[in-house]
Amino acid sequence: MHPRTCPRAFGLTISAGAAALGVLVAAPTGAAAPAACPAPGPAAAQTSGSGARCSAISDAGGAAAAYGLDGTASANAAPTSLSLAIAQNGGTANSNSTALSGPAAIAIGPGAAVTTTGVRPGLSIGVAGPGATVAVTGVSTPTCSGGFAFAGDFQTWQGCFSQR
């Protein structure tokens, strides 16, 4: 295989996932008020109401943010890391990061579940549509199942895609 084929294929996969995310985010949602939990620096935030819940915890030098829009999201960030979790319309998103990592978890739709973990330097993203499950561990190949799901992990240089 040509040495440039793998990075191009990975880039194409990320582009396709971003386009699909745009379509899913544009989908109509319930009338629940959003729950926003930004936690920059040494901070903690937690809120809930009308089916939307979020929590975020960050150490000094890190930043975590979680947003629940009729869903449940949690983000935890260690020093020198970033963590993002977004859950919409019944999804559940969890993101945890350690030094120099930046995982993002996005769960959109009923039964959507994403767990991303940053354990090495690098970014990672997991996106799940209704009924799908995504897991990014940072040490093994990400897994995608159960519906539309996408993951890309620059910690392991691997990813996954599921259309069902």
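Within any chain, residue numbers begin from 1 and follow the written order of that chain's sequence. Thresholds applied to this predicted model are a pLDDT of at least 70 for local features of residues and 80 or more for the giving and counting of side-chain atom pairs; totals over whole chains, interfaces and linings are not thresholded and use all residues. To obtain the side-chain values, all non-hydrogen atoms of the structure were included, while hydrogens and water were left out.

## Notes on the sheet that holds strand 13 (residues 148–153)
For clarity, the cut-off: When DSSP locates at least two bridges between a pair of strands, those strands are taken to pair. To qualify as a helix, a DSSP run of H or I must reach at least 4 residues; to qualify as a strand, a run of E must reach at least 2; elements of each kind are numbered from the N terminus. Only the stretch in contact is used when a helix axis is fitted, and all axes are lines through C-alpha atoms; the angle between N-to-C directions ranges over 0 to 180 degrees.
Spatially, 1-4-6-8-10-13-14 is the arrangement adopted by the seven strands of the open sheet, whose pairing is mixed. Edge positions in the sheet fall to strand 1 (35–40) and strand 14 (158–163), since each of these pairs with one other strand and no more. Going across the sheet, the axis of each strand differs from the next one's by a mean of 5°, ignoring polarity.

## Topic: the packing of aromatic side chains
Stated formally: For Phe, Tyr and Trp, where Trp contributes only its six-membered ring, two rings pair if their centres lie within 6.5 Å, and the inter-plane angle classes them as stacked under 30 degrees, edge-to-face over 60, or tilted in between.
Enumeration over the complete set of coordinates arrives at two aromatic pairs. A ring pair is formed by phenylalanine 148 and phenylalanine 161, whose centres lie 5.8 Å apart and whose planes are at 80°; its orientation type is edge-to-face. Of this pair, phenylalanine 148 sits in strand 13 while phenylalanine 161 sits in strand 14, and the two are 13 residues apart along the sequence.

## Observations regarding the state of the cysteines
Definition in use: In what follows, a disulfide is any cysteine sulfur pair within 2.5 Å. Throughout, exposure labels follow a simple rule: accessible area from a 1.4 Å probe, protein chains only, divided by the maximum for the residue type, with under 20% read as buried, over 50% as exposed, and the rest as partly exposed.
Summed over the entire model, instances satisfying the criterion amount to two disulfides. In this model cysteine 37 forms its disulfide with cysteine 54; the gap between the sulfur atoms is 1.9 Å. Linking cysteine 37 and cysteine 54, the disulfide has an S-S dihedral of approximately 75° and is accordingly described as right-handed. Separated by 17 residues along the polypeptide, cysteine 37 in strand 1 and cysteine 54 in strand 3 (residues 52–58) bring together distant segments of the chain. A single burial state applies to cysteine 37 and to cysteine 54, both of which are buried. Sulfur-sulfur distance for the disulfide between cysteine 144 and cysteine 160 comes to 1.9 Å. Between cysteine 144 and cysteine 160, the S-S dihedral sits near 65°, and the bridge is therefore right-handed. Of this pair, cysteine 144 sits in strand 12 (residues 143–145) while cysteine 160 sits in strand 14; the two residues are 16 residues apart in sequence, bridging distant segments of the chain. Counting its disulfide-bonded cysteines in sequence order, the chain shows a connectivity of 1-2, 3-4.

## Some remarks on the environment of threonine 141
As a reminder, the rule being used: Residues are treated as being in contact if the distance between any of their heavy atoms lies within 4.5 Å. Contacts described as polar in this section are N or O atom pairs within 3.5 Å, which, within protein, must combine one atom able to donate a hydrogen with one able to accept it, while residues neighboring in sequence count only if both atoms come from side chains.
The residue threonine 141 is located in the loop between strand 11 (133–136) and strand 12 in this model. On the accessibility criterion, threonine 141 (43% relative accessible area) is partly exposed. Along the sequence, threonine 141 and glycine 159 sit 18 residues apart, while their C-alpha atoms lie 6.5 Å from each other. In this structure threonine 141 touches Gln158 and Gly159, once residues within four positions along its chain are discounted. Among the polar contacts made by the side chain of threonine 141, one reaches the side chain of glutamine 158 at a distance of 2.4 Å.

## What to know about the environment of glycine 51
Here glycine 51 shows up in the loop between strand 2 (43–49) and strand 3. Separated by 17 residues in sequence, glycine 51 and proline 34 have C-alpha atoms that sit 9.0 Å apart. If we skip the residues at most four places from it in the chain, glycine 51 touches Asp70 and Gly71.

## Points about the sheet that holds strand 11
Pairing is mixed in the open sheet, where seven strands are placed in the order 2-3-5-7-9-11-12. Whereas interior strands pair on both sides, the edge strands pair on one side only; in this sheet they are strand 2 and strand 12. With strand direction ignored, the average angle separating the axes of adjacent strands in the sheet is 5°. In this sheet, strand 11 lies alongside strand 9 (residues 113–118) in parallel orientation, the contact comprising four bridges. Residue pairing in the sheet places threonine 115 in a bridge with alanine 135 of strand 11.

## Side note on a nonpolar patch on the surface
Selection rule: By definition, no residue in a patch forms a salt bridge, and every one has over 30% relative accessible area; like charges are joined within 9 Å, nonpolar side chains (Val, Leu, Ile, Met, Phe, Trp, Tyr) within 5 Å. Working definition of accessibility: Shrake-Rupley area with a 1.4 Å probe, residue cover restricted to the visible protein chains. We count a salt bridge whenever a side-chain nitrogen from Lys or Arg sits within 4 Å of a carboxyl oxygen from Asp or Glu.
Taken together, the side chains of Leu123, Phe154 and Trp157 present a nonpolar region at the surface, about 350 Å² in accessible area. What makes phenylalanine 154 partly exposed here is its relative accessible area of 31%.

## Focus: the environment of alanine 64
Checked against the element boundaries, alanine 64 lands in strand 4 (residues 63–69). With 21 residues separating them in the primary sequence, alanine 64 and alanine 85 have C-alpha atoms 8.4 Å apart.

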